[in-house]
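A look at the structure
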Amino acid sequence: MTDEKIIQTDMGTMHGTTTNDAHPVVCLGIESSCDETSAAIVDSNRNILAHIIYSQIPEHQKYGGVVPELAARAHILAIDAVVNQTLARAGKNINDIDIIAATAGPGLIGGVLVGWMAATGIAMSTNKPLIAVNHLEGHALVPRLHAAAANGNDGNTSVDFPYLLMLASGGHCQILLVRGVGKYELIGQTLDDSAGEAFDKVAKMLNLGYPGGPVVDARAKNGNPHAFAFPRPLCDKPGCDFSFSGIKTAARTFLERTPAPHDDEFINDFCASFQAAVVDCIINRLNHAMRDERVCAVAPKTLVVAGGVAKNSAIRAAMEELAAAHNMTFAAPPMSLCTDNGAMIAWAGIENYRIGNIVRAPIAPRPRWPLTEL
Ligand code: KG4
Ligand code: ZN
């Protein structure tokens, strides 16, 4: 496919406030683990010099979710154009790049293979260091590249270790104590669905399209969060684990009782009530996490949310309030860096390069790769 045929979003540039290094490390990062083919050029002074995302969402929308085989094919067709255009937007050629990083897992293996093999090929042919980035670590570390303090505020701060992280995406839902690069302690996780999956499935039940999170978030703004009595699974139990399947089942039961067509008021109220249940679960579990002895021993000063679900306005607002109540600072990536993107992979590449975590022999990408195995 030619470059022109691929509809891409130019995410533009972002600049770090501290440009302390006169010779920053420049990294080309590639992301391809789900339905975004993305590349970015980021330097160790926290500058995003170019960032392109080719989203496949329109190709998967008619199926109500990501179709792995279609995704892998679309990555193959897009990858060269995305990388070439990213270099062009930055006004750089491959010789100006110091290191190459790509997602090596976890994710849909067909897509991961495409980005990983592209990065391996570029690194081998140019003799540059190659970094195998864990996709989850990309999400986990991106608030150190750029963090926004509050709702909708795309500020320019950076987060220091250690921090307490709520990582919520389409595939994962975990509370992690982040001690440093590669140093993650799992405090709690979902026993069934991820938070993003719950948003996507409920949106599908309401015929609101894919992905569900953004539309549910928008609808909830005009709805009554008390209209439907969704359960708050595990919230009466100790510990920090999540369960969203009960919320999903409740959604199905409510909808069986009130079949379509649904008017706007119904949909808005339904979304608001569902979202309020998810928010309450997240806040309840984080409250427990803050009392967990492993967390208390480290006493992190910052509460961070990351992953695609970190775009959710109600979750950001509730977590900001929770952080304030515990004398902690709240941080979230700017909206543009929450969902999958190449800049977070480039940044995680830089952070790993700094600690010498470079690929020295060929490695196979991994469909499953928990952060605790880094
Ligand atoms: O991190 P991500 O881009 O992909 C994975 O690594 O899974 O996350 C995508 C997920 C989807 O489930 C999507 O519905 C959700 O993030 N999402 C949201 C919002 N925007 C995206 N969920 C809730 N509220 C949002 N505003
Ligand atoms: Zn992701």
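Overview of the structure. Being a predicted model, the structure only gives us computed values, none of them experimental.

Calculation notes
Residues numbered from 1 in each chain as written. Chains lettered and ligands numbered in written order. Predicted model: local features only at pLDDT ≥ 70, side-chain atom pairs only at ≥ 80, totals over all residues. Heavy atoms only, no water. Pairing = 2+ DSSP bridges. Helix = DSSP H or I, 4+ residues; strand = E, 2+ residues; numbered from the N terminus. Axes fitted to C-alpha atoms, helices over the stretch in contact; angles between N-to-C directions. Contact = heavy atoms within 4.5 Å. Donors = N, O, S within 2.8 Å, 3.2 Å for Na, K, Ca; no water. Phe/Tyr/Trp six-rings, centres within 6.5 Å; stacked < 30°, edge-to-face > 60°. Buried < 20%, exposed > 50% of the residue type's maximum accessible area, 1.4 Å probe, protein only. Lys NZ or Arg CZ within 6 Å of the ring centre and 35° of its normal.

1. Quick notes on the sheet that holds strand 8 (residues 173–180)
Spatially, five strands are ordered 9-8-7-10-11 in an open sheet, and the strand pairing comes out mixed. Every interior strand has two partners, whereas the edge strands, strand 9 (183–189) and strand 11 (329–331), have only one. Here the average twist between neighbouring strands, direction ignored, is 25 degrees. The pairing of strand 7 (residues 163–168) with strand 8 spans six bridges and is antiparallel. Note that in strand 8 the partner of Ala168 across the bridge is Cys173. Running at roughly 130 degrees to strand 7, helix 4 (residues 135–145) makes contact with strand 7, strand 9 and strand 10 (302–306) of the sheet.

2. Points about the coordination of the zinc ion (ligand 2)
Here the zinc ion (ligand 2) is held by His135 (NE2), His139 (NE2) and Asp340 (OD), and the distances to it run 2.0 to 2.1 Å. One chain supplies every donor for the zinc ion (ligand 2), spaced along it as H-x3-H-x200-D. Of this pair, His135 sits in helix 4 while Asp340 sits in the loop between strand 11 and helix 11 (342–354), placing them 205 residues apart in sequence.

3. Remarks on the packing of aromatic side chains
Tallying each qualifying case throughout the model produces eleven aromatic pairs. Consider the rings of Phe254 and Phe270, whose centres lie 6.3 Å apart with planes at 90 degrees: the pair is edge-to-face. Remark: Phe270 occurs in helix 8 (residues 264–291) and Phe254 occurs in helix 7 (residues 245–257); sequence separation between them is 16 residues. Comparing Phe254 with Phe270, the two get one shared label, buried. Through pairs of rings, three or more aromatic residues link up here, namely Phe199, Phe228, Phe230, Phe254, Phe266, Phe270 and Phe274. The ring centre of Phe161 lies 3.8 Å from the NZ or CZ of Arg144, which sits over that ring.

4. Quick word on the sheet that holds strand 3 (residues 36–43)
The six strands lie next to each other as 1-4-3-2-5-6, forming an open sheet whose pairing is mixed. The outermost strands of the open sheet, each flanked by one partner alone, are strand 1 (9–10) and strand 6 (130–134). Across two bridges, the pairing between strand 1 and strand 4 (residues 48–55) is antiparallel. By the bridge assignment, Thr9 is partnered in strand 4 with Ile53. Here helix 4 sits on the sheet and contacts strand 2 (26–31), strand 3, strand 4, strand 5 (99–105) and strand 6; the angle it forms with strand 6, its principal contact strand, is near 95 degrees.

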